[in-house]
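# Per-entry structural report
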Amino acid sequence: MNRIKKLFSLLLVAVFVVSNAVIANATDEKRVSLVNMSSEECFNTLLANGLEIPEGYKDYKNLEEFVKKIVSNVVSHPECEVWFNYTDANDFALAVREIVLEYENIQVNSILNCEKGLRSSYPLIYSTFLVEWIPTDATYNCYAYALGRQSLGRINPGAQDGITFLQSDLQTMTIDRLASFVAYDLQALGYTEITYGSALPSYQSGYNVIAVRKCEDDFHFMRMMSTGTWQHKPGGGAVMRYNYSSLTSGRWTNERIVYYQYYSADLYYDSDIIYIKYKL
């Protein structure tokens, strides 16, 4: 009799487990993808799944839309780990990415395992691909590249002088204020004869000329070469040459090449341009 009771109990447990598995699978099948939700629904779902909002984003205008854009990027390119030049923005994007991958049940392959494409197939619009991407390109941003100080890594303007700012600050910051942070950095790094303004300075041997522009979400830098052309490095992408001799022509975007993968633009830097010149 006891054996019959035990067998019956085990049968009930088995039925319970299978039933729950069926319910779970049905729930997963009915689960709406984050990309198919409204910005508000997507944001609330991420919060319910553990997303914490950093201090710099708590007063951030259009936060829900900003997060939804990151979600769409993660689903389209789950292997990507660098979107922004501004370090706080990229750290937040990585936190969103972690939750999105789990929610969407996306298995991530290393970007180094991505299928190689033909260089001629890269649909770049405003820049030209120059050199092959290497893994170390993901370790420094456009600012470090423009300064020629890749060893500084992923840095924000002002970091060398001890200045920090929140994403909500960057959103409303004038481009002149951001450029002043660059001047402070250059002084801290030991450079001299630092000038900056809206007028393009002429190229001069022994000096470096860089340019900065921003949008609400990010900033971007370019560097003048001795030929008068401009080069830049969007996010963790490869170095590229801007297609225009004038930085007011074309558009500044974050279109980029990472390994053999093309990432189309979803950021447009549209502030005024400030040029910064200093002695090397």
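Residues numbered from 1 in each chain as written. Predicted model: local features only at pLDDT ≥ 70, side-chain atom pairs only at ≥ 80, totals over all residues. Heavy atoms only, no water.

## Observations concerning the overall build of the protein
When helices and strands are tallied, the protein shows seven helices and eleven strands. When the 280 residues of the protein are sorted by exposure, 45% land in the buried category. Across the protein, every contact between residues at least 6 apart in sequence was considered, and the portion connecting residues at least 24 apart equals 67%. Carbon and sulfur atoms provide 51% of the accessible area of the protein, an area that totals close to 14,400 Å². (Helix = DSSP H or I, 4+ residues; strand = E, 2+ residues; numbered from the N terminus. Buried < 20%, exposed > 50% of the residue type's maximum accessible area, 1.4 Å probe, protein only. Contact = heavy atoms within 4.5 Å. Areas by Shrake-Rupley, 256 points an atom, 1.4 Å probe, with all protein chains shown as cover.)

## Some points on helix α3 (residues 63-76)
With 14 residues, α3 extends 20 Å from end C-alpha to end C-alpha; this agrees with the ideal 20 Å at 1.5 Å per step. For α3, the complete set of buried residues consists of Leu63, Phe66, Val67, Lys68, Ile70, Val71, Asn73 and Val74. Looking at the buried residues of α3, the elements they touch are α2 (39-48) and α4 (87-103). (Expected span 1.5 Å × (residues − 1).)

## Points about the side chain of threonine 87
Positionally, threonine 87 belongs in helix α4. On the basis of relative accessibility, which here comes to 16%, the residue threonine 87 falls in the buried class. Residue contacts for threonine 87: discarding those within four places in its chain leaves Arg154, Ile155 and Asn156.

## Quick notes on the pairing of strand β4 (residues 219-224)
The element β4 is largely enclosed, with a buried count of five among its six residues. Note: strand β3 (residues 207-214) against β4, five bridges, orientation antiparallel. Bridged to arginine 213 within β4 is histidine 220. Two successive antiparallel strands, β3 and β4, enclose a turn made up of four residues. Following β4, the chain reverses through five residues before pairing antiparallel with strand β5 (residues 230-232); glycine 228 in that reversal takes a positive phi of roughly 90°. (Pairing = 2+ DSSP bridges.)

## Comments concerning the pattern of salt bridges
Scanning all chains against the criterion turns up five salt bridges. A salt bridge links lysine 61 to glutamate 216, with the nearest nitrogen and oxygen atoms 3.3 Å apart. Separated by 155 residues along the polypeptide, lysine 61 in the loop between α2 and α3 and glutamate 216 in the loop between β3 and β4 bring together distant segments of the chain. Given the relative accessible area of 33%, glutamate 216 is considered partly exposed. Between glutamate 193 and lysine 279 there is a salt bridge; the shortest N-O distance is 3.8 Å. Here lysine 279 lies in strand β11 (residues 274-279) and glutamate 193 lies in strand β2 (residues 192-197), a separation of 86 residues in the sequence. Here lysine 279 falls in the partly exposed class, since its relative accessible area comes to 35%. (Salt bridge = Lys/Arg side-chain N within 4 Å of Asp/Glu carboxyl O.)

## Here we look at α4
The terminal C-alpha atoms of α4 lie 25 Å apart, and with 17 residues this matches the ideal 24 Å at 1.5 Å per residue to within 8%. Thr87, Ala89, Asn90, Phe92, Ala93, Val96, Arg97, Ile99, Val100, Leu101 and Tyr103 are the residues of α4 that are buried. Looking at the buried side of α4, the elements it contacts are α2, α3 and α6 (167-172). Looking one or two residues beyond α4, the residue adopting positive phi is asparagine 105, at roughly 55°.

## Here we look at the packing of α2 against α3
One way to put it is that α2 packs onto α3 with a least axis distance of 8 Å and a crossing angle of 80°. Here α2 is positioned roughly perpendicular relative to α3, judged by the angle of their axes. On α3, the residues touching Ser39, Glu40, Cys42, Phe43 and Leu46 of α2 are Leu63, Glu64, Glu65, Val67, Lys68 and Val71. Of the residues assigned to the contact of α2 with α3, the class counts are six nonpolar, one polar and four charged. (Axes fitted to C-alpha atoms, helices over the stretch in contact; angles between N-to-C directions. Parallel < 35°, antiparallel > 145°, perpendicular 65-115°, else oblique. Nonpolar A, V, L, I, M, F, W, Y, C, P; charged D, E, K, R; others polar.)

## Considerations on the sheet that holds β2
Strands in a sheet are paired, the pairing made by backbone hydrogen bonds, and the direction either parallel or antiparallel. Within the open sheet, the seven strands sit side by side as β1-β6-β5-β4-β3-β11-β2. Their pairing is antiparallel. Looking at strand neighbours, the two that pair on one side only are β1 (127-129) and β2, the edges of this open sheet. On average, adjacent strands in this sheet sit at an angle of 30° to one another, irrespective of strand direction. Of the strand pairs in this sheet, β4 and β5 are connected by two bridges, and their pairing is antiparallel. For methionine 224, the partnering residue across the bridge sits in β5 and is tryptophan 230.

These figures come from the coordinates and say nothing about function on their own.
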